[in-house]
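# Structure assessment
What follows is each chain in one-letter form.
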Amino acid sequence: MLDPENIKIVFFDIDETLYIKHQQHLPPSVHTALNRLKQNGIIPAIATGRSLCSFPKEIDELRQSLPIELFVTINGQYNCYQQQPIATFPLATADIERLVTFFAHHNIDYAFVSEEHVAVNQVTERLDQAIRPITDRYIIDKDYFRHHAVYQMLIFYDESVDQMIADSGILGDNFRVVRWHDFSVDLLAADGSKARGIHAVLEHFKLKPENAVAFGDGLNDLEMLSEVGFGVAMGNGHPELKAVANYVTDDIADDGLYNGLQALGLIR
């Protein structure tokens, strides 16, 4: 069972954990919960598939007001504390060149993700539909990777293309994809995940997994929950995540984050 006295950091996913994306709403109880966590000497950290440049306005306001200073971003590929990088894992330019050549040949759109920008190869209705809930501040630059560090790509195709991608061998042993939208997947290094970033953060603070808790809702949180000593799935979370979680809290809309922290004895 969880020992609250042993917990030093709690990692939180953003979308559907801290923030209701389709409503663009941050439940008021989130600010209260994280503030109480800090008062108890526990570091609140964000662990997200998003880049720092694509945080929702409400999350930017939250991190500035508390403040929140520890971030595992881009699915663990860019990790920083007090605005200084802890560990970063950019993709190799030669690999990106091979990938974009393949996607262009098959008329599949893509985006590059860095800590500063999300850059798309072109704008289409389907691409915009997928990416706009994440950020409307994307730029257009199909050659962005030639001049900037890229930590992840977004590839825009639906499930009907999944098998073709798998059969093509384009991912090889170096990459994997995780679907996050009907029209899009994250493409990241095979060993890239929030767990990789959390591992680097815990090493930086000289902490062990049992000193950390994580809250998440999606498939890209599976590794994260396994990396920490105690994993919490939101009530609105994916069934696969709930199946591996140590605890399932309430739905985000029912103050699940606050209630979960309280149930675990991390706040009062």
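Relevant structure appears above.
As a starting point, this report considers the structure included with it. (Residues numbered from 1 in each chain as written. Predicted model: local features only at pLDDT ≥ 70, side-chain atom pairs only at ≥ 80, totals over all residues. Heavy atoms only, no water.)

### A look at the packing of aromatic side chains
To be explicit about the condition: When the centres of two rings from Phe, Tyr and Trp lie within 6.5 Å, Trp using its six-membered ring, the rings pair. Their planes under 30 degrees apart give stacked, over 60 give edge-to-face, and anything left gives tilted. Helix and strand definitions here come from DSSP, where helices need a minimum of 4 consecutive H or I residues and strands a minimum of 2 consecutive E residues; each element is numbered from the N-terminal end. Both a distance and an angle decide whether a charge sits over a ring: NZ of Lys or CZ of Arg must be within 6 Å of the ring centre and within 35 degrees of the ring normal.
This model, assessed by the stated rule, comprises 7 aromatic pairs. Judged by centre distance (5.9 Å) and plane angle (55°), the rings of F55 and F71 are tilted. Of the two residues, F55 is situated in the loop between β2 (43–47) and α2 (57–65) and F71 in strand β3 (residues 70–73); the sequence distance between them amounts to 16 residues. Ring geometry for F112 versus F145: centroids 5.4 Å apart, planes at 40°, classification tilted. Of this pair, F112 sits in strand β6 (residues 109–113) while F145 sits in the loop between β8 (139–140) and β9 (152–156), placing them 33 residues apart in sequence. Members of the aromatic cluster, joined through ring pairs, are Y110, F112 and F145. For the cation-ring pair, R126 lies above F183, with the distance from its terminal atom to the ring centre recorded as 4.1 Å. Taking NZ or CZ as reference, R196 lies 3.7 Å from the ring centre of F89, over its face.

### Quick notes on the pairing of β6
Within a regular strand, side chains alternate between the sheet's two faces. Filter applied, for reference: When a residue's accessible area, from a 1.4 Å probe over protein chains only, is under 20% of the maximum for its type it is buried; when over 50% it is exposed; and in between it is partly exposed. Pairing between strands requires that DSSP locate at least two bridges from one strand to the other.
For β6, the tally of buried residues reaches 5 of 5 residues, placing the bulk of the element in the interior. Side chains of β6 alternate between two faces, with D109, A111 and V113 and Y110 and F112 buried alike. Examined bridge by bridge, β6 and β9 share 5 bridges and lie antiparallel to one another. For A111, the partnering residue across the bridge sits in β9 and is L154. With 3 bridges connecting them, β6 and strand β7 (residues 118–120) associate as antiparallel partners. The residue bridging A111 from the neighbouring strand is V120, located in β7. What sits between the antiparallel neighbours β6 and β7 is a turn of 4 residues.

### With respect to the packing of helix α1 (residues 28–39) against helix α9 (residues 256–263)
Definition in use: Throughout, an axis means a line fitted to C-alpha atoms (over the contacting stretch in the case of helices), and angles, computed between N-to-C directions, take values from 0 to 180 degrees. When an angle is under 35 degrees it counts as roughly parallel; over 145 it counts as roughly antiparallel; between 65 and 115 it counts as roughly perpendicular; any other value is oblique. By definition in these notes, contact holds between two residues if any of their heavy atoms fall within 4.5 Å. Polarity classes work like this: nonpolar for Ala, Val, Leu, Ile, Met, Phe, Trp, Tyr, Cys and Pro, charged for Asp, Glu, Lys and Arg, and polar for all others, with Gly in that last group.
With their axes 8 Å apart at the nearest point, α1 and α9 run at an angle of 30° to one another. Relative to α9, the element α1 is oriented roughly parallel. On α9, the residues touching S29, T32, A33, L34, R36 and L37 of α1 are L257, Y258 and L261. Per-class residue counts for the contact of α1 with α9 are 6 nonpolar, 2 polar and 1 charged.

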